[in-house]
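# Observations on the model geometry
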Amino acid sequence: IHEFCHAFATIITGGNVHQIMLYQQGGHALTSGGFFPLIAISGYIGTTLIGAILIYFSINDKINKYNLRVLSISIFLIYLFYYKISFNLEFLFLILMNISLFLISYTKVRAMFSLIFGNILILESFNDVKIYLFNTDRIYKTDAGILARYIGFDFLTFPIALFIFIVNLYIIYLLFKNMLNKKI
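About the thresholds
- Residues numbered from 1 in each chain as written.
- Predicted model: local features only at pLDDT ≥ 70, side-chain atom pairs only at ≥ 80, totals over all residues.
- Heavy atoms only, no water.
- Core = buried A, V, L, I, M, F, W, Y, C linked by side-chain atoms within 4.5 Å.
- Buried < 20%, exposed > 50% of the residue type's maximum accessible area, 1.4 Å probe, protein only.
- Helix = DSSP H or I, 4+ residues; strand = E, 2+ residues; numbered from the N terminus.
- Contact = heavy atoms within 4.5 Å.
- Salt bridge = Lys/Arg side-chain N within 4 Å of Asp/Glu carboxyl O.
- Axes fitted to C-alpha atoms, helices over the stretch in contact; angles between N-to-C directions.
- Parallel < 35°, antiparallel > 145°, perpendicular 65-115°, else oblique.
- Nonpolar A, V, L, I, M, F, W, Y, C, P; charged D, E, K, R; others polar.
- 1 Å grid on protein atoms, 1.4 Å probe; cavity = no way out; pocket = protein on both sides within 12 Å on 5 of 7 lines; lining within 4 Å.
- Points joined across faces, edges and corners; volume = space filled by probe spheres on them.

Next up on the list: the nonpolar core. Membership of the largest hydrophobic core comes to 21 residues, with the highest contact counts inside it found for Phe4, Ile20, Leu22, Ile50, Leu54, Leu71 and Tyr79. When contributions to this core are tallied by element, the ones reaching two or more residues are helix 1 (2-12), strand 1 (16-23), helix 2 (36-56), helix 3 (61-82), helix 4 (89-104) and helix 5 (110-134). The contacts of Phe4, once residues within four sequence positions are left out, are Ile50, Leu71, Ser74, Ile75, Ile78 and Tyr79. Core analysis: the next-biggest nonpolar cluster, separate from the first, contains 20 residues, Ala52, Phe126, Ile160 and Leu175 among them.

Printed below as a string of structure tokens:
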């Protein structure tokens, strides 16, 4: 989802996605053009936003069903066109996950799945940001470090990572605020 968000932000800001690579410990989206600051921060913020949307709409069966289908098809298409590593076990796993996501949208467990998957996305995004905020030897290899280098000031890496963390917290705040207003 993280790399998908980079690719999606690239496409919607007029850039080109050249390649998406997935590794056991993460991934990489090779892009050009587009609005780079948005593309750089979209991995973590987009992952949290997608998680929040899944959680928020999990109680609306009709919207939830379509959210899961659109997410599944979008991820599948992005990776189909831009995943450049030859067919391997990771790619097979990615295809099976997308098929499963699509099929779950037709089942009665879709609300529970959206709640669980949404929470996993949010927690994973926060875990990554936490690791990078408090592990100084790795912070320069993160999206925040890449953006700071792009701007030309490495010292901005930590403030950018902190900004991403605060935006993620704000997304969670809005999620809970709106869910409480719905009196769930």
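Evaluation of the coordinates by the stated rule reveals one salt bridge. With a shortest N-O distance of 2.7 Å, Arg110 and Asp61 are connected by a salt bridge. Here Arg110, found in helix 5, pairs with Asp61, found in helix 3; they are 49 residues apart in sequence, far enough to count as distant. On the accessibility criterion, Arg110 (9% relative accessible area) is buried.

Let us now look at the packing of helix 1 against helix 3. Between helix 1 and helix 3, the least distance of the axes is 10 Å, while the angle of their chain directions is 80°. By the angle between their directions, the pair helix 1 and helix 3 is classed as roughly perpendicular. In contact with Glu3, Phe4, Ala7 and Ile11 of helix 1, helix 3 contributes Leu71, Ser74, Ile75, Ile78, Tyr79 and Tyr82. Of the residues belonging to the contact of helix 1 with helix 3, the class tally is eight nonpolar, one polar and one charged.

Attention now goes to the layout of surface pockets. Empty space among the atoms becomes visible once a probe the size of a water molecule is rolled across them. The calculated volume of the largest pocket comes to roughly 1500 Å³. The wall of the largest pocket is formed by 42 residues, among which His2, Glu3, Leu22, Gly26 and Gly27 lie closest to the centre. Counting only elements with at least two residues in the lining of the largest pocket, the list comes to helix 1, strand 1, strand 2 (26-32), helix 2, helix 3, helix 4, helix 5 and helix 6 (143-151). Looking at the lining of the largest pocket residue by residue, the classes come out as 22 nonpolar, 13 polar and seven charged. Here the second largest pocket is characterised by a volume of approximately 430 Å³. If you list the elements that add at least two residues to the lining of the second largest pocket, you get helix 1, helix 2 and helix 3. Top element by residues in the lining of the second largest pocket is helix 2. It accounts for nine residues.

The topology assignment puts Asn67 in helix 3. For Asn67, a relative accessible area of 21% puts it in the partly exposed group. Separated by 17 residues in sequence, Asn67 and Ile50 have C-alpha atoms that sit 9.5 Å apart. In contact with Asn67, not counting residues within four places along its chain, are Ile53, Leu54 and Phe57.

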